[in-house]
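# Coordinate inspection notes
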Amino acid sequence: QVQLVESGGGLVQPGGSLRLSCVASGSIFSINTMGWYRQAPGEQRDLVATITSGGSSNYADSVKGRFTISRDNAKNTVYLQMNSLKPEDTAVYYCNADVKRHVLLKSSYYWGQGTQVTVSS
């Protein structure tokens, strides 16, 4: 199996910063795209940012210029640096990874359990 474990969430004041981390572990042959999604209460889960194994990234318009996604392929880890945080960034943030467990198997998407980010004064 594959597990994704997020960390780094918490309470921060508007204008502050947080860095989220997500480590993938288990039966992993390779990881394609990794990403971050978020879900506010009563809302759908939305894409925040994704990054390919080659380092190409994509961002939601609402976070461009404030958030930066990066990854360490050797550590199967993806990061989300969040700066200039706003109250509307408050949500549970979920890690997602497209994992190939064996050379002969197709890849599948896995989710972490989520980490709460609250932006409030």
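An account of the accompanying structure is given in this report.

Reading guide: rules and limits
Residues numbered from 1 in each chain as written. Predicted model: local features only at pLDDT ≥ 70, side-chain atom pairs only at ≥ 80, totals over all residues. Heavy atoms only, no water. Patch = residues over 30% accessible without salt bridge, like charges linked within 9 Å, V, L, I, M, F, W, Y side chains within 5 Å. Areas by Shrake-Rupley, 256 points an atom, 1.4 Å probe, with all protein chains shown as cover. Salt bridge = Lys/Arg side-chain N within 4 Å of Asp/Glu carboxyl O. Helix = DSSP H or I, 4+ residues; strand = E, 2+ residues; numbered from the N terminus. Buried < 20%, exposed > 50% of the residue type's maximum accessible area, 1.4 Å probe, protein only. Phe/Tyr/Trp six-rings, centres within 6.5 Å; stacked < 30°, edge-to-face > 60°. Lys NZ or Arg CZ within 6 Å of the ring centre and 35° of its normal. Pairing = 2+ DSSP bridges.

Moving on, we get to a nonpolar patch on the surface. Among the surface-exposed residues, Phe-29, Val-103 and Leu-104 lie close enough to one another that they form a single nonpolar patch of about 350 Å² accessible area. Structurally, Phe-29 can be placed in the loop between strand S3 (18-26) and strand S4 (30-39). Assessed through its relative accessible area of 49%, Phe-29 is described here as partly exposed.

What follows concerns the packing of aromatic side chains. Summed over the entire model, instances satisfying the criterion amount to 1 aromatic pair. Considering the side-chain rings of Tyr-37 and Trp-111, the 5.1 Å spacing of their centres and the 65 degrees angle between planes classify their relative orientation as edge-to-face. With a gap of 74 residues between them, Tyr-37 in strand S4 and Trp-111 in strand S10 (residues 108-111) connect regions that are remote in the sequence. On the basis of relative accessibility, which here comes to 39%, the residue Trp-111 falls in the partly exposed class. Over the ring of Tyr-79 we find Arg-19, and its NZ or CZ is 4.1 Å from the ring centre. Note that Arg-45 overlies the ring of Trp-111, its terminal NZ or CZ placed 4.6 Å from the centroid.

Below, the discussion takes up the pairing of S4. Sheet faces and side chains relate simply in a regular strand, where the side chains alternate between the two faces. With 8 bridges joining them, S4 and strand S9 (residues 91-100) adopt antiparallel strand pairing. Residue pairing across strands places Ser-30 opposite Lys-100, the latter belonging to S9. Bridging between S4 and strand S5 (residues 46-51) involves 5 bridges; their strand directions are antiparallel. If you follow Arg-38 over to S5, its bridge partner there is Asp-46.

Remember, this is a structural readout, not a statement about activity or role.
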